[in-house]
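Observations on chain architecture
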Amino acid sequence: MFPLRNPFFYVGGGTSRFPHTPLHTLIRTIEAAGVAVAGLCGGVGPELRPGDVVCATVLRREDGPSVEVPGSALLAAALRRHGLRVHVGPMFSAERVLTPAERATLDGVLAVDMESAWLTDAAAGRPLAVLRVVVDGAGRRLADPRIAADGVRALHSLRRSRIVLDEWARAIGPRKVLLAGPRSFCAGVERAIDIVELALAQRGAPIYVRKQIVHNRHVVADLERRGAIFVEELDEVPDGATAVFSAHGVSPDVRRNAGNRALDVIDATCPLVSKVHAEARRFAHEGRTIFLIGHDGHEEVEGTTGEAPDSIRLVQDMNDAERIEAPDPDRVAYLTQTTLAVDETSEIVEVLRARFPALRGPGSDDICYATANRQEAVRKVAHDAGVVLVAGSATSSNSKRLVEVAEREGARAYLVDDETEVDVAWLHGVATVGVTAGASAPERIVDRLVGALAALGPVEVEERTTTHEDVQFKLPKELVS
Ligand code: SF4
């Protein structure tokens, strides 16, 4: 049993399984903000090794209902960051030591112990963590001579886990969650995902997608499970197969290549990216040098550059804007990537305009409505939040810009693919957390983030919507019957 630490109470190892013992009474009555149960367990899953940590998501037992343990993801992530091998899943509390054969009958259970399910009853709705370290793997008897060495290994892991339990405990408390609106999928991303789903439904798996359809790990994994195969280039696509171009667009070379291979192509390029391509062709046709403001190596920039490779010069930042030259300063134009930071981009355009008074720009902003709206929404939230969590993948340009916008507003902001990437230490002393999602991140990740915060104490959720979006794009004709 770990020592008592106000205002948190840690208990584990060798306690009684029977309710109404002094220990249960103590847990119920003590004024602790949260309860962490820690101790040893026996492995059931074959992947569990002595010294591995198990964070319970649900506790089952024979004599009563199962107990949910929400928020294990945050705890597990923190343990992994400290170098521990962690498993997350259901545990079973038994009233006696189970034989290896009996453990093997426990379907879907990771590990067994003899107390957690009963002890956690006493948490009585407070934030709860259940962390057990495997002392004997599946199939190992207690009389096995290796058990002593395994025990030492397990106790070592248990001691290391205590630092993490401290971090978890310090993150407990009531919080306000400010949800930025609009957030999550834009019309271009919705359309791109619909295209792959419809292609799978109409043509059957596999469907090949050049590059990530949108820059989000969860979206890609989900479509992969349904039969999409993501490739970097078209030479990985078999002859005659269906190939989808991603929402970020492709250069004319890629289209030509697909045409030469007689691939069944479906184009999921966002219409707002196609608009930038059309502007590039127009300005090039007028004989202008085009300053393309964007990030080197981004697929959208590659696609746009491919429309007029001899006319386009990339401008990545203020430094480039101050130095770039054009053969004829009176015949220049600028275009931008659709997912840039609005404020930074206008500063770059101002510098270009000061240097090239004849500079022409696009008819309407290239930075798309979805990018601009999400940045404005996160700005409002970040103003009142200590920390802002942005759901999105590291490859997502618009999600990364949301982090930067929130930081410029004075908040600490973090880009996370999901709740497993949230560090509980970020939340220490933070009473208000802003949450948003990039245009390629699913709304369900926002729900999961809020759920993880709610597992650390009561949350009051407030939506802060700056504007409503009703943009929709038509599907390509190849998919409309
Ligand atoms: S972020 Fe903008 S340009 Fe990109 S897919 Fe969405 S709507 Fe289209």
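Residues numbered from 1 in each chain as written. Predicted model: local features only at pLDDT ≥ 70, side-chain atom pairs only at ≥ 80, totals over all residues. Heavy atoms only, no water.

**Some words on the overall build of the chain**
Let me state the cut-off plainly: Only DSSP runs of H or I covering at least 4 residues are called helices, and only runs of E covering at least 2 are called strands; the numbering of each starts at the N terminus. Each residue's exposure class comes from its accessible area (1.4 Å probe, protein chains only) as a fraction of the maximum for that residue type: buried when under 20%, exposed when over 50%, partly exposed otherwise. The contact definition used throughout considers only heavy atoms, calling two residues in contact when any of these lie within 4.5 Å. Residue burial considers only the protein chains on display, and all accessible areas are found by Shrake-Rupley using a 1.4 Å probe. For the purpose of counting charges, residues Lys and Arg are taken to be positive, whereas Asp and Glu are taken to be negative. His and the chain ends are not included. We put the charge of a Lys on NZ, of an Arg on CZ, of an Asp on CG and of a Glu on CD.
Across its full length, the chain holds 15 helices and 19 strands. Along the longest, intermediate and shortest principal axes, the C-alpha atoms of the chain span 85 × 50 × 40 Å. Evaluated residue by residue, the chain yields a buried proportion of 56% over its 481 residues. Taking the contacts inside the chain whose residues are at least 6 apart along the sequence as the reference set, 75% of them involve residues at least 24 apart. Carbon and sulfur atoms provide 52% of the accessible area of the chain, an area that totals close to 20600 Å². The chain carries 56 positive and 68 negative side-chain charges, and their two centres are separated by 4 Å.

**A word on the nonpolar core**
What counts, and what does not: The definition of a nonpolar core used throughout is a set of buried Ala, Val, Leu, Ile, Met, Phe, Trp, Tyr and Cys residues joined through side-chain atoms within 4.5 Å.
Residues Leu75, Leu79, Leu131 and Leu389 are the most contacted members of the largest nonpolar core, which totals 46 residues. Counting 25 residues, the second largest nonpolar core, distinct from the first, contains Val189, Ala199, Val209 and Ile213.

**Focus: the confidence of the model for the chain**
Put simply, the rule reads: Confidence scores per residue from the predictor, reported as pLDDT, run from 0 to 100.
Residue-level pLDDT values for the chain average 92, and 94% of them are 70 or greater. Per-residue pLDDT stays below 50 along residues 1-10; that stretch engages in 38 contacts with residues further than four places along the chain or on separate chains. Low pLDDT (under 50) marks residues 12-20, which in the prediction has 24 contacts with non-local residues, meaning those over four places away or in another chain.

**Here's the deal with the side chain of Ser393**
Applicable threshold: The definition of a polar contact used here is a pair of N or O atoms within 3.5 Å, where within protein one atom must be able to donate a hydrogen and the other to accept one, and adjacent residues in sequence count solely through side-chain atom pairs.
Note on placement: Ser393 falls in the loop between β16 (387-391) and α14 (397-408). For Ser393, a relative accessible area of 3% gives the class buried. Separated by 2.9 Å, the side chain of Ser393 and the backbone nitrogen of Arg217 make a polar contact. Engagement of the side chain of Ser393 in a polar contact is seen with the side chain of Asp417, the distance being 2.6 Å. Ignoring sequence-local partners within four residues, the contact set of Ser393 consists of His215, Asn216, Arg217, Ser399, Leu415 and Asp417.

**Re the sheet that holds β16**
To keep it simple, the criterion reads: Any two strands with at least two DSSP bridges between them are considered paired. To get an axis, fit a line to the C-alpha atoms, keeping to the stretch in contact for a helix; angles then go from 0 to 180 degrees between the N-to-C directions.
What the 5 strands build is an open sheet, ordered β17-β16-β18-β8-β19; its pairing is parallel. The outermost strands of the open sheet, each flanked by one partner alone, are β17 (412-416) and β19 (459-465). With strand direction ignored, the average angle separating the axes of adjacent strands in the sheet is 25°. Looking at chain direction, β16 and β17 are connected through 5 bridges and run parallel. Looking at β17, one finds that Leu389 is bridged to Tyr414. Sheet strands touched by helix α13 (residues 369-382): β8 (175-181), β16, β18 (432-437) and β19. Its angle to β8, the strand with the most contacts, is close to 160°.

**Notes on the pattern of salt bridges**
Rules: Just to be clear on terms, a salt bridge is a Lys or Arg side-chain nitrogen sitting within 4 Å of an Asp or Glu carboxyl oxygen.
Throughout the structure, instances matching the rule amount to 40 salt bridges. Notably, a salt bridge pairs Asp113 with Arg132, separated by 3.3 Å at the nearest N-O pair. Linking Asp113 in strand β6 (residues 111-113) with Arg132 in strand β7 (residues 128-136), this pair joins segments that are 19 residues apart in sequence. An identical accessibility class is assigned to Asp113 and Arg132; each is buried. Of the charged contacts in the structure, one is a salt bridge between Asp417 and Arg217, with a shortest N-O distance of 3.1 Å.

**Section: the sheet that holds strand β11 (residues 242-245)**
The 4 strands lie next to each other as β10-β9-β11-β12, forming an open sheet whose pairing is parallel. Looking at which strands have only one partner, the edges of the open sheet turn out to be β10 (228-231) and β12 (264-267). Neighbour-to-neighbour, the strand axes of the sheet open up by a mean angle of 30°, direction not taken into account. Where strand β9 (residues 207-210) lies against β11, 3 bridges are found, and the strand directions are parallel. Considered in β11, the bridge of Val209 is made with Val244. In this fold helix α8 (residues 252-260) packs onto β9, β11 and β12, with an angle of close to 170° to the strand it touches most, β11.

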